[in-house]
Amino acid sequence: MTEDMYSVEQVADRLGLHVRTVRSYIRSGRLRAVRIGKQYRIAASDLDALTGHAPTTPNVARQAEVSSIVQIDGVDRAAADRLGTLVLTSANTGHDQANPLRVQTVHDEQRHRMKIIILGDPATTAELLNLLDAVLNADNGLLDREVHDA
């Protein structure tokens, strides 16, 4: 049995909200969503959780979620792109598709700083953080380029 999935626009229409408000709920973690390409999809159960409706499954298991922010200094745009691709690929493969990791990357070119935001279950988040630690501490050339101030 597959669960109904809604677009941001459909959720905004159902709740009588502006699309920007729904996106803000997603970014703040108030509304859980899955990013597919450049669009978000919201599961019916996550919409029910936001609105306070009873979940569609009677015995919902208790679940923990971890949020992590990793800040990496001294990263140029090319290295940030490579690292972001690695992290997003790892987050989207080989994990429980019912509870996917949600990952967002941000690069500040002026400060040569990258932030990686990870939301997900503790075990899967720990796996991704271990991978990130191994890549950052390895001598593999991923972040070897020197950063020059503009």
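Refer to the structure presented above.
So, here is what we can say about the structure in this document. Bear in mind that the values here come from a model prediction, so they are computed numbers and not experimental data.

Contact geometry of helix α1 (residues 8-15) with helix α3 (residues 44-51) gives a least axis separation of 12 Å together with a crossing angle of 35 degrees. Crossing angle aside, the handedness with which α1 passes α3 is right-handed. On α3, the residues that touch V11, R14 and L15 of α1 are L47, L50 and T51.

Turning our attention to the packing of aromatic side chains. Two descriptors summarise a pair of aromatic rings, namely the distance from one centre to the other and the angle between the planes of the rings. Applying the stated criterion across every chain yields a total of zero aromatic pairs. A cation over an aromatic ring shows up here: R30 above the ring of Y25, its NZ or CZ 4.2 Å from the ring centre. Sitting over the face of the ring of Y40, R35 holds its NZ or CZ atom 5.2 Å from the ring centroid.

Let us look at the sheet that holds strand β4 (residues 66-73). The pairing of strands in a sheet happens through backbone hydrogen bonds and is either parallel or antiparallel. Taking strand neighbours across the sheet as the criterion, the three strands line up as β4-β6-β5 in an open arrangement whose pairing is antiparallel. With partners counted over all chains shown, the strands left at the sheet margins are β4 and β5 (102-108), one partner each. When strand polarity is set aside, the average angle formed by the axes of neighbouring strands in this sheet is 10 degrees. Pairing of β4 with strand β6 (residues 113-120) involves eight bridges; the strand directions are antiparallel. Bridge pairing in β6 places V66 opposite G120. Running over the sheet, helix α4 (residues 77-91) touches β4, β5 and β6 and is turned about 175 degrees from β5. Lying over the sheet, helix α5 (residues 122-137) contacts β4, β5 and β6, oriented at roughly 10 degrees with respect to β4.

Rules behind the numbers
- Residues numbered from 1 in each chain as written.
- Predicted model: local features only at pLDDT ≥ 70, side-chain atom pairs only at ≥ 80, totals over all residues.
- Heavy atoms only, no water.
- Axes fitted to C-alpha atoms, helices over the stretch in contact; angles between N-to-C directions.
- Helix = DSSP H or I, 4+ residues; strand = E, 2+ residues; numbered from the N terminus.
- Left-handed = near helix turned anticlockwise from the far one by under 90°.
- Contact = heavy atoms within 4.5 Å.
- Phe/Tyr/Trp six-rings, centres within 6.5 Å; stacked < 30°, edge-to-face > 60°.
- Lys NZ or Arg CZ within 6 Å of the ring centre and 35° of its normal.
- Pairing = 2+ DSSP bridges.

Limitation: the analysis is restricted to geometry and does not speak to function.
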